[in-house]
Amino acid sequence: MPDSPVREPLAPEPGVVALRFAAVRARVADAALAAGREPDDVRILLATKTMPVEVVREAVLAGATLLGENKVQELVAKAPALADLAPTLHVIGRLQSNKVNLALRHAACVQSVDGVDLAERLSRRCEALDRHLDVMVQVNVSGESTKAGVAPDAALDLAAAVGRLPRLRLTGLMTIGAASRDVALVARGFARLRELRDALVASGEPGTGDARELSMGMSGDLATAVAEGSTMVRIGTAVFGERPRA
Ligand SMILES: *Cc1c(COP(=O)(O)O)cnc(C)c1O
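Residues numbered from 1 in each chain as written. Predicted model: local features only at pLDDT ≥ 70, side-chain atom pairs only at ≥ 80, totals over all residues. Heavy atoms only, no water.

Engineer: Can you break down the site of the ligand residue by residue, with the values?
Structural biologist: Contacts to the ligand come from Ala-47, Lys-49, Asn-70, Ile-92, Ile-176, Met-218, Ser-219, Arg-234, Ile-235, Gly-236, Thr-237 and Arg-243. Asn-70 places a side-chain nitrogen or oxygen 2.6 Å from an oxygen atom of the ligand. Ser-219 is positioned with one of its side-chain polar atoms (N or O) 2.5 Å from an oxygen atom of the ligand. For the ligand, the protein covers 90% of the area, taking 390 Å² as the surface of the free molecule. According to the grid-proximity analysis, the pocket containing the ligand is the largest pocket. (Near = heavy atom within 4 Å. Polar contact = N/O pair within 3.5 Å; in protein donor to acceptor, adjacent residues only side chain to side chain. Areas by Shrake-Rupley, 256 points an atom, 1.4 Å probe, with all protein chains shown as cover. 1 Å grid on protein atoms, 1.4 Å probe; cavity = no way out; pocket = protein on both sides within 12 Å on 5 of 7 lines; lining within 4 Å. Sits in = over half its atoms within 2 Å of the grid points.)

Below, the structure is given as structure tokens:
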């Protein structure tokens, strides 16, 4: 058997994460001020996928309070080693129904609710645990087939269904921006999410009145997202550097 190549985990040098996190904070603040918004109105969630827990700890010690994992396995692996720092953990990737129990052990919010079946399962499990869970509905504003999320035309119906579930607290909507260099196209997608959020909050449907969160914007498009009303950007590369290819 040929030797498998040893691949060093790509992890930034000590100190770099704190510097980059400060730079991202400044970028977010600049974007907010340029859009006539308050910097504090945009929170930063760090997307920690593939990053070793020591690196994640450095980010939390540098002031990060919100972390997101795509995979429940990574969430489960890192959460105990972060517990003393008490960050708030979100699930931001596709959640399989057989991982719901594990996710609920560590996550304060599931941003990636994309169907009523998953929402009902989450609510039922919360019922059994006698707790509540924050959730967002993920919307595929770009229509790219590789992206998860409910279609924009179906988003309000799904959000209304989620809002009616007894144990879920709908906090807002999440999207991943179009993979395009066309800034106007990316901006239109984010604007679409904002319009959906405004319609949702105004709908009068039970459990939707507080769903004001707009989780949108990543390392490459955070300024565009903040200009379109993002209340939470999800940042990976700009703080942690390039990830190893999956
Ligand atoms: C990885 C990831 C991010 C962060 O992306 P970067 O481009 O590395 O900043 C944000 N949201 C989700 C859902 C992700 O999977």
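Engineer: I'd love a proper account of the packing of helix α6 (residues 152–164) against helix α7 (residues 183–202), names of residues and values included.
Structural biologist: Across the interface, α6 lies against α7 with an axial gap of 10 Å and an inter-helix angle of 30°. Relative to α7, the element α6 is oriented roughly parallel. The element α6 and its partner α7 pack so that their crossing is right-handed. Touching Pro-152, Asp-153, Ala-155, Leu-156 and Ala-159 of α6 are Arg-192, Leu-196, Ala-199 and Leu-200, all from α7. (Axes fitted to C-alpha atoms, helices over the stretch in contact; angles between N-to-C directions. Helix = DSSP H or I, 4+ residues; strand = E, 2+ residues; numbered from the N terminus. Parallel < 35°, antiparallel > 145°, perpendicular 65-115°, else oblique. Left-handed = near helix turned anticlockwise from the far one by under 90°. Contact = heavy atoms within 4.5 Å.)

Engineer: Could you give an account of the nonpolar core, with specific residues and numbers?
Structural biologist: Formed by 64 residues in total, the largest nonpolar core has its most connected members in Leu-46, Leu-122, Val-135, Val-137, Val-139 and Val-162. Counting residues in hydrophobic clusters, the runner-up holds eight residues, among them Ala-47, Ile-92, Cys-109 and Met-232. (Core = buried A, V, L, I, M, F, W, Y, C linked by side-chain atoms within 4.5 Å. Buried < 20%, exposed > 50% of the residue type's maximum accessible area, 1.4 Å probe, protein only.)

Engineer: Give me the layout of surface pockets: which residues, what numbers.
Structural biologist: Computed from the structure, the largest pocket encloses a volume of approximately 640 Å³. Lining the largest pocket are 25 residues, with Lys-49, Ile-176, Met-218, Arg-234 and Arg-243 positioned closest to its centre. Classifying every residue of the lining of the largest pocket by side-chain character gives nine nonpolar, ten polar and six charged. (Points joined across faces, edges and corners; volume = space filled by probe spheres on them. Nonpolar A, V, L, I, M, F, W, Y, C, P; charged D, E, K, R; others polar.)

Engineer: Account for the state of the cysteines, naming residues and giving values.
Structural biologist: Taken as a whole and assessed by the stated rule, the structure comprises zero disulfides. Residue Cys-109 stays outside any disulfide, its sulfur separated by 11 Å from that of Cys-126, the closest cysteine. The exposure class assigned to Cys-109 is buried, which follows from its relative accessible area of 2%. (Disulfide = S-S within 2.5 Å.)

Engineer: Quick rundown of empty space enclosed by the protein? Include the residues and the values.
Structural biologist: Enumeration according to the criterion identifies one cavity of 30 Å³ or more in this entry. Of the voids in this model, the largest cavity is the one considered here, and its volume is about 40 Å³. Secondary-structure elements contributing two or more residues to the lining of the largest cavity are β2 (66–69) and α3 (72–82). With four residues, α3 is the single largest residue contributor to the lining of the largest cavity.

Engineer: Can you break down the side chain of Glu-69 residue by residue, with the values?
Structural biologist: By the secondary structure assignment, Glu-69 is in strand β2. At a separation of 2.7 Å, a polar atom in the side chain of Glu-69 contacts the side chain of Lys-78. Setting aside chain neighbours within four positions, we find Glu-69 in contact with Thr-48, Lys-49, Glu-74, Leu-75, Lys-78, His-90, Val-91, Ile-92 and Gly-93.

Engineer: So what about helix α5 (residues 116–129)? Which residues, and what values?
Structural biologist: For the α-helix, the turn length of 3.6 residues means that residues three or four positions removed from each other point alike. With 14 residues, α5 ought to run about 20 Å at 1.5 Å a step, and its terminal C-alpha atoms sit 20 Å apart, in line with that. Listed in full, the buried residues belonging to α5 are Leu-118, Ala-119, Leu-122, Ser-123 and Cys-126. The buried residues of α5 occupy an angular sector of 130° when projected down its axis, which confines them to one face. Exposed side chains of α5 directed beyond 90 degrees from the buried face belong to Asp-117, Arg-124 and Ala-128. Of the surrounding secondary structure, the elements contacted by the buried residues of α5 are α4 (100–106), β4 (109–113), β5 (133–138), α6 and β6 (168–174). In the stretch just after α5, Asp-130 is the one whose phi turns positive, near 55°. (Expected span 1.5 Å × (residues − 1). Arc of directions from axis to C-beta.)

Engineer: So what's going on with the pattern of salt bridges? Which residues, and what values?
Structural biologist: Tallied over the full model, the rule gives twelve salt bridges. We note a salt bridge from Asp-84 to Arg-57, for which the minimum N-O separation is 2.8 Å. Of this pair, Asp-84 sits in the loop between α3 and β3 (88–91) while Arg-57 is found in helix α2 (residues 53–61), placing the two residues 27 residues apart along the sequence. The closest approach of N and O atoms between Glu-144 and Lys-147, which form a salt bridge, is 2.3 Å. Under the relative-accessibility criterion, Glu-144 is labelled partly exposed at 21%. For Lys-147, a relative accessible area of 15% puts it in the buried group. Each of the salt bridges in this network shares a partner with another, and the network as a whole consists of Glu-69, Glu-74 and Lys-78. (Salt bridge = Lys/Arg side-chain N within 4 Å of Asp/Glu carboxyl O.)

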